[in-house]
Amino acid sequence: MKSSKQGAKKNRCLSDHALTLHQRLYQALNLGIKSYNNRERKWRCADVEIQRLALRSISAFLDCISSETSELTIVKDSINDMLVALEGILQSRNEAILRMAINVTMKLVDVSGNSILQYNVVKLVHPLASLLSFHESNVVVSCSIALNQILSKLSRIKRQEEICTILRETNTIEHIVCGLLDFATGTKSLEYFQEMASLLTTILWRWPPFRYPVWSNGKLLEVLGALCIKPDSSVAVVLLPLYSALASCGAGAMKLLENGEALLPMLVRCMGCSQPDSIRMEAFKLAQGFARSQQGCLKMMSLCCEPIVQAIVSALSGCKSSSGKIASYQVPLLVEACRLALITRWAGVHHNFFWKLGVHQILLDLLLSNSYKFKTSQHFMSTKDLLATVQEGLDSNQLLVLRPYIWDILGWLTIHCQEAFNPDIHGCSLNVLISCACLVFVDAIHSMRQVSQSDISYISTHEPISRAVFMMIYSPCQYIVTHAKNILSEVLMPNEDNLEYLLRTLKSTSDSNKYRAFGNIQIALNLMGLACYSGLSKYQSVILKSDGIKILLTFIRWCLKNDVSMRRLSIARHLHHTSNETICCCIVNEDWEGEDILLFFSLWVLAELVRSSKSARNHQEVTSGLVDHPLELESSEGQILISMLQQICGGTFSAGPRWYASYILSYFGCYGFPNKLGKRIGEALNTNELADLQLILASGESVRVHDVILMVRCPSLLPMRELPQNDKICDGSAARQKIEKSKEFREIRLSAHVDHQVLLKLLEFVYTGYVQGVTGLLKHLKILARRCNVQALPNMLSGKRPKWDSAIAFCDFTPAFEPAGYYFSDIILEAKETEVRHWTCSVCSQSVPHMHVHKIILWASCDYLRALFQSGMQDSLSQTVRVPVGWEALWKLVRWFYSDGLPKPITGCLWDNMDLESQLHELQPYIELCWLSEFWFLEDVQENCSSIVASCLKSSRHLSFKVISFAAQFSQWKIVEIAANCMAPLFPHLRDSGELEALDEGLVDMVRAAYVQFSQVGAFDHSE
């Protein structure tokens, strides 16, 4: 009784008129809403007049709902019943009724606002999506608008998979694509195209599985490309977001760029100053989508580099009014232009255009409200006056939202600039810009101790400026380095409290009992600050005297022990973007430090300290305890350091940490990157097995080597006559002759300037990718390496810091597959007969699928083949080895022999849109290799293949049904078990449908057992 009184009291908040409309609403709804046997209530009336009455009643009641009354119980209950009625009425085929129903639906969504998410509005998705194929265009346009409104709001709820299923069942994408194609024929209106394209954009952003069918549709891309030629802004305003949604798939972005003859000119045109800001922003967003990966960025830059850079610079410089101020409505455009300017993170010719167009001056104008003061008077200012004026400009500038981007752009420009960069052209404004950065950095360092590590705004401000100053101090350009160091030394406080604080926090972190006092983000910022200090000579000695090296060694050991992972995205808030949450198939190029930020910066600081001490000259000195202080490493400590560095250098860490571990090792006489493949190939150098070439020195000493190894890694050691003069491929008989010829042992005499020990060290690096113990040979080895053009080694031997973003110098012998490598092939691997259509070989006329390879690579990589070649049996003398696997498996296996890496299967949207037979065909080679690996003793191959199959089965449970039978044929019971586990949730359906009858009884028992365990646990780890 009490509750009914409270309800009546709440209902009094509605006016008498609203209560009357509510009464009429339910009189109309009750005519159509029915429930039978206590089942869910549904609209069950097909009478047009009753439907019209219900829609008018709903519309009238919605007109009286306000934000104050929308939370009333009577209103909430009414909306739930309205949704029931609309769901049924929208299934009508009467055009007039449908128009009314769709308009009422849009009104309901508008009136409810975000509160619509409280209701089961998902039930309207199915009828609206079904209407996209309606014959009347006006209905389809209204329907697409309503559906777009609903889907835009539903992105915030958790029922995304349910919505995706509805859209798939109703063939929504197919209907939209057909509609867009009809527009190209002139049968549909511009409004029709705009609304359908907008709806498609919404769907593609939120549901990645629908992207592939769109960007792989050649006819649709042709239609969109034709529209790009038209300068109509009404078309561009929907085309650009649609292309951005397609580019959220990495494979789709590359497809668009490959066919971008019309798209990219439109993109550049839409970035221009003559376009509305809304269109310019969409153009910048699309370009950001293309530049999401390094591959996409460089492809885009190769097609229209200068125009895009000009558009960015124009947007950044063209927003100031005559008074020198920027209006608030222009800030979003500046932010998007800054985000696109982050393409400077990758080296390339676009950097030259940024400098040429004066980006340094533009960045300065965005930073300082008084930048005009420096255009004429900077050369006449003292350093003190310069810094004071800069501080004044920084304090009065309110565009703080742009600063993180400005620091990033400045940092990337300076770390990637060339050594020969000419500062005379850019000196004035560049000097002031460097001064700005140093002032802000020092201010951040000073405030570090007073700010909580949980203060996100502080972190987002501190990280970009710390990174920018760090990059300036270690820039390849000596002018930038000198000016940055001078200014930073000037503005740093004379006392050393901040430096001591940085060292103290680092030391505390390594103590597990005190770890919680400092979070990883704060540690990362402290390390960046310490890296900046270590770049200044007057602070290096302070760090060394404070046991800085031992602190760093302890911290690095702590990082390795605790497997600490952290990416820059977890620190730099300005790099977060909502569009990145739903990207797919994108080859994400990590920053150089990857997820090893803490390890990277600690190694960088250690490298600077070791470099400045100049006391760790080589491995022998360290391990024998002969190192003269100030490094002060005992023999055991030196060995631990080298062991840790080798672990990092040869591990799976990111490129930056590995390069700096290698860089530090160079001070101990170790150069390169230890790796499994190099270790295997190196055995051939030490044993002279299968050597086919002898290098004879003037002294009479000689070294036996392998011509294919030299061809790939050091072709300069081979005389020109040993190399093919062109890429012409021989016929079958000639190929056989070359195999016969390859058995001949050949000699090459070297210059009198080549020393035997130096040659051995060079060959050690050529074979293994790593060399150590070069004491006394450094100078001569450097000369020989440079003359022989051995990649990476000369720079390593020179003692220079690794170039930012350098790729790891992998030991890779796959270039032996190129025409020059076929010249040295001495054996054929032949696959078993499979259905490989149109098989041809560029080397010979043999019709069975095969590969021309090199015995020495096989000997080094496979114990089975090594034993075969050394057995002396008839098979060991054969020119052909028959491998009992199909062509695809053989190709993958040989790639592993030559690179220590297996080619990966198709992934992402391409994989998701393959049928089960195609997916099985993709996995079969890996299952075959699992089987072969048992007999050929290839444990790494077997483990990798098993892992790949398990990963693919997780993303496609129904594929397990096909894989389990195929794996059982090869007795691969580990894969069978993985497949059974993946099939477990499907067991009842498979049993009831009779599909399990196609499986062997033993396999059915395994699936049944997996289902029982699944039912008990409720989840399964399919990787086990």
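Predicted model, so just to flag it, every value in this text is computed and none were measured.

This next bit is on the overall build of the chain. Along its length, the chain carries 52 helices and 10 strands. For the chain, the residues scored as buried account for 55% of the 1024 residues in total. Of the roughly 45100 Å² of accessible surface on the chain, a fraction of 50% belongs to carbon and sulfur atoms.

This brings us to the sheet that holds strand β9 (residues 850-853). In spatial order, the strands read β9-β8-β10; together these three strands make up an open sheet with mixed pairing. In this open sheet, the two strands that pair with only one neighbour each are β9 and β10 (880-883). This sheet shows a mean twist of 20 degrees between the axes of neighbouring strands, independent of strand direction. As defined by bridge partners, strand β8 (residues 827-831) adjoins β9 across four bridges and the pair is classed as antiparallel. Its bridge partner being in β9, isoleucine 827 is matched across the sheet by valine 853. Contacts from helix α45 (residues 887-899) reach β8, β9 and β10 within the one sheet, and its direction differs from that of β9 by about 20 degrees.

Another point: helix α39 (residues 778-787). Residues Leu781, Leu784 and Ala785 constitute the buried set of α39. Buried positions in α39, seen along its axis, are confined to an arc of 100 degrees and lie on one side of it. Residues of α39 that are exposed and point more than 90 degrees away from the buried face comprise Lys779 and Arg787. For α39, the secondary structure elements touched by its buried residues are α38 (756-768) and α40 (793-798).

What follows concerns the layout of surface pockets. In this structure, the second largest pocket occupies an estimated 790 Å³ of space. Taken together, 30 residues line the second largest pocket, and the ones lying closest to its centre are Glu419, Lys800, Arg801, Pro802 and Lys803.

Before going further, it helps to spend a moment on the environment of phenylalanine 210. Considering the arrangement of structural elements, one finds phenylalanine 210 in the loop between α10 (190-206) and α11 (211-215). Residues phenylalanine 210 and threonine 172, 38 residues apart in the sequence, show an inter-C-alpha distance of 9.7 Å. Leave out the neighbours within four places in its chain, and phenylalanine 210 touches Cys164, Leu167, Arg168, Ile173, Ile203 and Leu204.

Glancing now at the environment of isoleucine 906. Topologically, isoleucine 906 is positioned in the loop between α45 and α46 (908-912). Assessed through its relative accessible area of 32%, isoleucine 906 is described here as partly exposed. C-alpha separation for the pair isoleucine 906 and cysteine 952, spaced 46 residues apart in sequence, amounts to 9.5 Å. Every residue in contact with isoleucine 906, bar those within four places of it in the chain, is listed here: Trp911, Met914 and Glu922.

As a further point, take the pattern of salt bridges. By the definition in use, this model includes 27 salt bridges. Between aspartate 81 and arginine 41 there is a salt bridge whose closest N-O contact spans 2.7 Å. Linking aspartate 81 in helix α4 (residues 73-89) with arginine 41 in the loop between β1 (33-34) and β2 (42-43), this pair joins segments that are 40 residues apart in sequence. Accessibility expressed as a relative area gives 35% for arginine 41, which makes it partly exposed. Several salt bridges share partner residues, and in doing so they unite Asp408, Glu463, Arg467, Arg568 and Glu593 into one network.

Among the nonpolar cores identified, the biggest contains 375 residues, and Phe290, Met300 and Phe897 are the most heavily contacted of them. Each residue touching phenylalanine 290, except ones within four places of it in the same chain, is listed here: Ala247, Ala253, Leu256, Leu257, Leu263, Leu264, Leu267, Gly296, Cys297 and Met300.

Right, let's talk about the confidence of the model for the chain for a bit. Here the chain averages 86 in pLDDT, while 88% of its residues score no lower than 70. Segment residues 726-732: pLDDT under 50, and 14 contacts once partners within four positions in sequence are set aside and those in other chains are kept. Across residues 1020-1024 the pLDDT falls below 50, and counting only partners more than four positions away or on other chains, this stretch makes 12 contacts in the model.

Two elements in contact, helix α20 (residues 359-367) and helix α23 (residues 403-416), have axes whose closest approach is 11 Å; the angle formed by their N-to-C orientations is 155 degrees. Judged by the inter-axis angle, α20 sits roughly antiparallel to α23. Where α20 crosses over α23, the two elements pack in a sense that is left-handed. Residues Val359, Leu363, Leu366 and Leu367 of α20 pack against Arg403, Ile406, Trp407, Ile409, Leu410 and Leu413 of α23. When the residues that make up the contact of α20 with α23 are grouped by side-chain class, the tally is nine nonpolar, no polar and one charged.

Turning next to helix α35 (residues 676-687). Taking 1.5 Å of rise per residue, 12 residues should cover 16 Å, and α35 covers 17 Å from first to last C-alpha, within 8% of that figure. Looking at the buried positions of α35, the neighbouring elements they touch are β5 (702-705), α36 (707-713), α38, α42 (855-861) and α45. Near the N-terminus of α35, the side chain that reaches the backbone nitrogen of leucine 677, with its oxygen 3.4 Å away, is that of asparagine 675. Count one or two residues on from α35 and you reach asparagine 688, which has phi positive near 60 degrees.

Moving on, we come to the sheet that holds strand β6 (residues 746-749). Spatially, the three strands line up as an open sheet ordered β5-β4-β6, and their pairing is mixed. What marks the edges here is a single partner per strand, and that holds for β5 and β6. Shown here is a sheet whose adjacent strand axes are inclined to one another by a mean of 25 degrees, direction ignored. The sheet contact formed by strand β4 (residues 693-696) and β6 spans four bridges and is parallel. Paired with leucine 693 across the bridge in β6 is arginine 746.

Next up on the list: the side chain of serine 654. With respect to the helices, strands and loops of the structure, serine 654 is situated in the loop between α33 (635-649) and α34 (655-665). Judged by its relative accessible area of 15%, serine 654 is buried. Among all residues touching serine 654, those that are not within four sequence positions of it are Trp592, Glu593, Gly594, Glu595 and Asp596.

The residue histidine 850 is located in strand β9 in this model. Taking the C-alpha atoms as reference points, histidine 850 and isoleucine 828, separated by 22 residues in sequence, lie 6.6 Å from one another.

Now for empty space enclosed by the protein. Counted by the stated rule, this structure contains two cavities of 30 Å³ or more. Volume-wise, the largest cavity comes out at about 50 Å³. For the largest cavity, the full set of lining residues is Leu690, Asp692, His706, Asp707, Val708, Phe824, Asp826, His854, Lys855 and Ile856. Looking at the lining of the largest cavity residue by residue, the class counts come to four nonpolar, two polar and four charged.

Here we take up the packing of aromatic side chains. By the definition in use, this model includes 31 aromatic pairs. Between phenylalanine 183 and phenylalanine 193, the ring centres sit 4.7 Å apart and the planes meet at 25 degrees, which makes this aromatic pair stacked. Residue phenylalanine 183 is found in helix α9 (residues 172-184), and its partner phenylalanine 193 is found in helix α10; the two are separated by 10 residues along the sequence. Neither residue differs from the other here; phenylalanine 183 and phenylalanine 193 are each classed as buried. With centroids separated by 6.2 Å and ring planes inclined at 80 degrees, the aromatic side chains of tryptophan 592 and tyrosine 660 adopt a geometry described as edge-to-face. Pair noted here: tryptophan 592 is in the loop between α30 (548-562) and α31 (597-613) and tyrosine 660 is in helix α34, with a separation of 68 residues, a long-range link. Among the aromatic residues, those joined into a cluster by ring pairs are Trp412, Phe470, Tyr474, Trp592, Phe600, Phe601, Trp604, Tyr660, Tyr663, Tyr667 and Trp804. If you follow lysine 188 out to its NZ or CZ, it ends over the ring of tyrosine 192, 5.1 Å from the centre. The ring of tryptophan 859 carries arginine 866 above its face, with NZ or CZ at 4.1 Å from the centroid.

Each value, and the rule that gives it
- Residues numbered from 1 in each chain as written.
- Predicted model: local features only at pLDDT ≥ 70, side-chain atom pairs only at ≥ 80, totals over all residues.
- Heavy atoms only, no water.
- Helix = DSSP H or I, 4+ residues; strand = E, 2+ residues; numbered from the N terminus.
- Buried < 20%, exposed > 50% of the residue type's maximum accessible area, 1.4 Å probe, protein only.
- Areas by Shrake-Rupley, 256 points an atom, 1.4 Å probe, with all protein chains shown as cover.
- Pairing = 2+ DSSP bridges.
- Axes fitted to C-alpha atoms, helices over the stretch in contact; angles between N-to-C directions.
- Contact = heavy atoms within 4.5 Å.
- Arc of directions from axis to C-beta.
- 1 Å grid on protein atoms, 1.4 Å probe; cavity = no way out; pocket = protein on both sides within 12 Å on 5 of 7 lines; lining within 4 Å.
- Points joined across faces, edges and corners; volume = space filled by probe spheres on them.
- Salt bridge = Lys/Arg side-chain N within 4 Å of Asp/Glu carboxyl O.
- Core = buried A, V, L, I, M, F, W, Y, C linked by side-chain atoms within 4.5 Å.
- pLDDT = per-residue confidence, 0-100.
- Parallel < 35°, antiparallel > 145°, perpendicular 65-115°, else oblique.
- Left-handed = near helix turned anticlockwise from the far one by under 90°.
- Nonpolar A, V, L, I, M, F, W, Y, C, P; charged D, E, K, R; others polar.
- Expected span 1.5 Å × (residues − 1).
- Polar contact = N/O pair within 3.5 Å; in protein donor to acceptor, adjacent residues only side chain to side chain.
- Phe/Tyr/Trp six-rings, centres within 6.5 Å; stacked < 30°, edge-to-face > 60°.
- Lys NZ or Arg CZ within 6 Å of the ring centre and 35° of its normal.

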